[in-house]
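# Observations on the model geometry
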Amino acid sequence: MVIYGNGNIYTCDDSIPHAEAMAVSQGKILHIGTEHEMERYRNGKYEYVDLGGKTVLPGFIESHAHPASFGFMNAGNMIAIDAKASKEEILLQLKEYLEEHPDATQILGQGYGLAHLGLPEGETPTASDLDKIATHIPIVLYDEGCHSGWVNSMALSMAHVDENTPDPLPGVHVYVRYPGTRKPTGYLRENTVHLVANALPSNTIPQVASHLETVLKNYTDLGFTGVVDAGDLHSTTYEAVKQLRDRDKLNLYYQKAYWADQSLTADENISRLQKLDRQYSGKNFYCNSYKMFMDGTLEAETASLLEPYSHSGKAVEPFFSKENCTAHVAAALKAGYSVHVHAIGDKGQQYILDAFSDTRDINPCLPRIIAHNQVFEPEGVAKYISMKSNLFCQTTPSWAGPDAVKETLTKLGKERFSRQYLWGQLASAGVQVTFGSDYPANLPEEINPFRQLWHAAIRTDSLAGYFPPCDAGLTVQEGVKAYTIHAARQMGLSDITGSLKAGKNADFIIIDRDIFTCKPEDVKNTKVLNTYFQGRKIK
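Notes on the structure follow. Bear in mind the structure is a predicted one, so any value in this text is a computation, not a measurement.

Further remarks concern the overall build of the protein chain. When helices and strands are counted, the protein chain shows 18 helices and 24 strands. Compactness check: the protein chain gives a C-alpha radius of gyration of 23 Å against a globular reference of 24 Å for 539 residues, within 12% of the reference. Summarising its shape, the C-alpha atoms of the protein chain cover approximately 80 × 50 × 50 Å along the three principal directions. Here the protein chain holds 539 residues, and the buried ones make up 59% of them. A separation of at least 24 residues holds for 72% of the contacts in the protein chain among residues at least 6 apart in sequence. Of the accessible surface of the protein chain, which amounts to about 20600 Å², a share of 51% is contributed by carbon and sulfur atoms.

Have a look at this one:
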């Protein structure tokens, strides 16, 4: 048994919000409370750890990211591309990379922004652009949100994509074609980029597992004891996670979502998920979440809006029809799976909110999650509040930052611009908000939970330049709950983790400052001194 005493312990348990000491045995919390209350545990053999007044929090949970996909990308020596780089600047970067790495067998990059390539409105880059850099190796570039891709001719050839290759879902997941022909241009929308990337030489289970282990070590160092992997279409990632689990290298709770294939029926998708669940779930690896995409992103102009884009007049429909959306949600809930849904635009959000309302009586204990929630439909807040017992608003605070203001305002117009990321209105009404970085669809530094806490808190300052309204921001206290007990409930694991409470697993972190009393600017610089998972010190 270990007694951790003389601490500044924030429990995220409303019954005992703050404590001085905690007794831990066999990976579980025996008792938490005052230093005096620990006397009853001092009779037998024990170790005493003097916290020296340091702050202790429950282990953080990343509520939406793609760590296995990041492992896949790192296995391919991914290069970072500036989101504001022009086409010419990107081509120069790739040329210089190949000069420095003449023996490279592929080029994999991520980060470009379509709006900044310098192309005429409505045009996309082509394989012929990248063929100027190399024709003997594949080149695959993901955009900044990983919802579109730009590849060369060799990549298309290795993936066996040509004039005869059908689009996985016409109008949504497509290989962009030259006008009047079936010939692919080399620009890929939505899932097609992942299918082409699967053909890269680096996509092997050992390589992906090795790089995923490094990714998860970084999560440990940042204070995470749980992660929601919101899924991918890479052919190696389930086995990569399983390898780490089987080698006792999976030092956190890992939930991996299954991506619903819109070309299949709901029942066919559920059958696939059940097979993955049986094959891979076990110990702290959970394959029990059904992932749906209602739309894409504003950056790629694939987010579904109730009214057309302000700058271009483009209209995008949700990826699921209303009827089909409800059918998929109902099938997953009936099968016993939580439902995790990507929705960026207000029309996409409207469709899934209504589907959740129509299915609210099916397995009501199961979490329903809407991820991102950028543009709220006019009735969105009220609908959320009406389902707050099991509906989670998952979000990424850094996306409301000043860098995105100009492009977003141009695409949405002033009225819709003020209906973005309304976390504060939800939290004040008791809706559970959860935080996640969505990495690698974000900057590497934004994986750090203390930066996200800072972004959420600083948004309440009208002079900070973040998206309005100011009351949409969250306090540090609310943000910590978004990363702990709320995220644990989203995962369906709040009975064992997410707060420091007797009977739960001893998942906690020790940090170098009291983030509830320091200046907001100092929160983002917080360092994690130690991370404990199920009572074991893993940092």
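Right, let's get into helix α1 (residues 67–75). Counting buried positions along α1 gives 8 out of 9 residues, so the element sits mostly inside the fold. Along α1, the residues that are buried comprise Pro67, Ala68, Ser69, Phe70, Gly71, Phe72, Met73 and Ala75. Of the residues trailing α1, asparagine 77 is marked for its positive phi of about 50°.

Judged by pairing direction, the sheet is mixed, and its 6 strands sit side by side in the order β9-β10-β11-β12-β14-β13 without closing on themselves. Two strands bound the open sheet, and with one partner strand each, they are β9 (79–80) and β13 (174–177).

Taken as a whole, this structure holds 23 salt bridges when the rule is applied. Close ionic contact of lysine 383 with aspartate 354 constitutes a salt bridge, the shortest N to O distance being 2.8 Å. Residue lysine 383 is found in helix α11 (residues 380–386), and its partner aspartate 354 is found in helix α10 (residues 346–358); the two are separated by 29 residues along the sequence. Two residues, lysine 411 and glutamate 407, come together in a salt bridge whose shortest N-O distance is 2.8 Å. On the criterion of helical spacing, the pair formed by lysine 411 and glutamate 407 is a turn pair, its members being 4 residues apart in helix α12 (residues 405–412). Shared partners join several salt bridges into a network, and the residues in it are Glu35, Glu39 and Arg42.

Another point: the nonpolar core. Grouped together as the largest cluster of nonpolar side chains are 113 residues, with contacts concentrated most on Val140, Tyr254, Ile352 and Ile515. Filtering out sequence-adjacent residues up to four positions away, isoleucine 352 remains in contact with Met294, Cys325, Val329, Val341, Ala343 and Ile370. Among the nonpolar cores identified, the runner-up in size contains 21 residues, and Ile90, Leu94, Ile137 and Ile139 belong to it.

All right, on to the sheet that holds strand β2 (residues 8–10) then. The strand order β3-β2-β7-β22-β23-β24 describes an open sheet built from 6 strands, whose pairing is mixed. Here the strands that pair on one side only, and so sit at the sheet edges, are β3 (18–19) and β24 (536–537). Sheet analysis places β2 next to β3, joined by 2 bridges and oriented antiparallel. Residue pairing for β3: tyrosine 10 is matched across the bridge by histidine 18.

So, about the pairing of strand β10 (residues 107–112). The side chains of a regular strand alternate, first on one face of the sheet and then on the other. Judged by how many residues are buried, β10 sits mostly within the fold: 6 of 6 residues are covered. Bridge count between β9 and β10: 2 bridges; the pairing is parallel. Of the residues in β10, the one forming a bridge with isoleucine 79 is glycine 109. Bridge count for β10 against strand β11 (residues 139–143) is 5 bridges, and the pairing is parallel. Counted as the bridge partner of glycine 109 is leucine 141 from β11.

Each turn of an α-helix holds 3.6 residues, which means side chains three or four residues apart point in the same direction. The terminal C-alpha atoms of α10 lie 18 Å apart, and with 13 residues this matches the ideal 18 Å at 1.5 Å per residue to within 8%. In terms of burial, α10 is a largely internal element, 10 of the 13 residues being buried. Three or more residues of α10 are buried, namely Asp346, Lys347, Gly348, Gln349, Gln350, Tyr351, Ile352, Leu353, Ala355 and Phe356. Close packing links the buried residues of α10 with α9 (322–334), β18 (338–343), β19 (368–372), α11, β20 (391–395) and α13 (414–417).

Both faces of β13 are covered, namely the face carrying Val174 and Val176 and the face carrying Tyr175 and Arg177. Taken together, the 3 bridges between β13 and strand β14 (residues 184–189) define a ladder with antiparallel strand orientation. Counterpart to valine 174 in the pairing with β14 is arginine 189. Following β13, the chain reverses through 6 residues before pairing antiparallel with β14; glycine 180 in that reversal takes a positive phi of roughly 75°.

Right, let's talk about the state of the cysteines for a bit. Taken as a whole, this structure holds 0 disulfides when the rule is applied. Residue cysteine 470 stays outside any disulfide, its sulfur separated by 18 Å from that of cysteine 393, the closest cysteine. Free of any disulfide, cysteine 518 has its nearest cysteine sulfur in cysteine 12, 16 Å distant.

Glancing now at the environment of tyrosine 280. Here tyrosine 280 is to be found in helix α8 (residues 266–280). The exposure class assigned to tyrosine 280 is buried, which follows from its relative accessible area of 7%. Spatially, the C-alpha atom of tyrosine 280 lies 9.8 Å from that of arginine 245, the residues being 35 residues apart in sequence.

A full pass over the atoms with the stated rule returns 23 aromatic pairs. Centre to centre, the rings of phenylalanine 417 and phenylalanine 467 are 5.2 Å apart; their planes meet at 55°, and the pair counts as tilted. Of this pair, phenylalanine 417 sits in helix α13 while phenylalanine 467 is found in the loop between α15 (449–458) and α16 (476–483), placing the two residues 50 residues apart along the sequence. An aromatic cluster is defined as three or more aromatic residues linked by ring pairs; in this entry it consists of Phe60, Tyr219, Phe224, Phe417, Tyr421, Trp423, Phe435, Phe450, Phe467 and Tyr483. A cation over a ring is seen here: lysine 256 above tyrosine 238, with NZ or CZ 4.3 Å from the ring centre. One residue, arginine 459, lies across the ring of tryptophan 423, its end atom 4.6 Å from the ring centre.

Rules and cut-offs
Residues numbered from 1 in each chain as written. Predicted model: local features only at pLDDT ≥ 70, side-chain atom pairs only at ≥ 80, totals over all residues. Heavy atoms only, no water. Helix = DSSP H or I, 4+ residues; strand = E, 2+ residues; numbered from the N terminus. Rg over C-alpha atoms; globule rule 2.2 N^0.38 Å. Buried < 20%, exposed > 50% of the residue type's maximum accessible area, 1.4 Å probe, protein only. Contact = heavy atoms within 4.5 Å. Areas by Shrake-Rupley, 256 points an atom, 1.4 Å probe, with all protein chains shown as cover. Pairing = 2+ DSSP bridges. Salt bridge = Lys/Arg side-chain N within 4 Å of Asp/Glu carboxyl O. Core = buried A, V, L, I, M, F, W, Y, C linked by side-chain atoms within 4.5 Å. Expected span 1.5 Å × (residues − 1). Disulfide = S-S within 2.5 Å. Phe/Tyr/Trp six-rings, centres within 6.5 Å; stacked < 30°, edge-to-face > 60°. Lys NZ or Arg CZ within 6 Å of the ring centre and 35° of its normal.

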